[in-house]
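Structural description and commentary
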Amino acid sequence: MSTNRAIYRGAAFSLIAALSLTACGGGDDSDSNPLTGDSGGSGKTIVVGSANFPENQLLAEIYAQALEAKGLKVTRKFDIGAREVYYDQIVKGGIGVFPEYNGALLSVAVDKKSTATSTEQVNAELKAKLPSSVEILDSAAAEDKDSVTVTSETAAKYKLKTLADLKPVAKDMTLGAGSEFKTRTQGGVGLKTVYGVEFGKFQPLDAGAQTTLVKLLKSDDVQAANLYTTDPAIVEDKLVVLEDPKNLFSSQNVTPLVYKSAVNDTAKSALNTLSAKLTTEDLLEMMKKLVNDKEDSSTVAKEWLTSTGLVS
């Protein structure tokens, strides 16, 4: 999760990106379209895509560099938009490789009624229910979950520790989140059905606007925010992630989603090897470099890949 994860994109950009992908299959020319390739590496280009928040763009860059290290040609199509925009492009082959979060992929795009929560349960359902054109590869231990987060002052004022504690006070609070959060099962809908929580106001923002959300939270313009749990601001600003004892937010392991005919065995092996090494601690450390130190994502990606021996 999403964005962490000037990171603010308008709805118009997402629409333009979606129309562009539909028109050209996600690539710059025939070689960049996975549909024209011969299993994703033999002289053709693998299109690696990302959503519109920094963490996902970083993960996509890591995937791209890992594939390039194996001699595979890659075209980057980053900052596409939210899952509601990019998912169909993967299913149709406009994007060949995408860093997904398994729980959100299942509950948002594949089966909105799913009650799976553990990594094993989520992946089993994905393998059974994904369209035949796509598949997931091995999940990483790295996990970035959605959360409802408040400041330490708000937590103390309302005696908040868990999501359930919000029920009697949420009517007096504003929740800030990506616009799609309001209608997601693992979002506003689930907060109401699972915990009986309804916020008095909802402040919608672009899915990638984590930095903006933190600012609004600290200024008390919103009293709760949907932050990703690898956002460095949570630790640095002593924010409080409300506990989720009923597992509204399922496992969110970083997992490659691929268009089957766009990747060969070399590509799959490279991505599976990468997943075996990527931890939540790694992801948090990289996000600190990206968000706090303002390092370029390509530099951060290469540093991590080199440190793990995945590239020389």
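Note that this is a predicted model, so its numbers are computed, not measured.

Let us look at the nonpolar core. Counting 57 residues, the largest nonpolar core has Val48, Ile62, Leu67, Val97 and Val254 as its most contacted members. Top element by residues in this core is helix 2 (residues 54-69). It accounts for 8 residues. Residues within four places of Val97 in sequence aside, it is in contact with Ile46, Val47, Val48, Gly49, Tyr63, Leu67, Leu257, Val258, Val263 and Leu271.

What follows deals with the pattern of salt bridges. The tally for this structure, following the rule as stated, stands at 10 salt bridges. Its salt-bridge partner being Lys192, residue Glu198 comes within 3.7 Å of it at the nearest N-O pair. For Glu198, a relative accessible area of 48% gives the class partly exposed. Between Glu303 and Lys289 there is a salt bridge; the shortest N-O distance is 3.3 Å. Taken as a pair, Glu303 in helix 12 (residues 297-307) and Lys289 in helix 11 (residues 280-292) lie far apart in primary sequence, 14 residues in all. Since its relative accessible area comes to 35%, Glu303 is described here as partly exposed. Via salt bridges that share partners, Glu61, Glu68 and Arg76 belong to a single interconnected network.

Reading the values: rules and limits
- Residues numbered from 1 in each chain as written.
- Predicted model: local features only at pLDDT ≥ 70, side-chain atom pairs only at ≥ 80, totals over all residues.
- Heavy atoms only, no water.
- Core = buried A, V, L, I, M, F, W, Y, C linked by side-chain atoms within 4.5 Å.
- Buried < 20%, exposed > 50% of the residue type's maximum accessible area, 1.4 Å probe, protein only.
- Helix = DSSP H or I, 4+ residues; strand = E, 2+ residues; numbered from the N terminus.
- Contact = heavy atoms within 4.5 Å.
- Salt bridge = Lys/Arg side-chain N within 4 Å of Asp/Glu carboxyl O.

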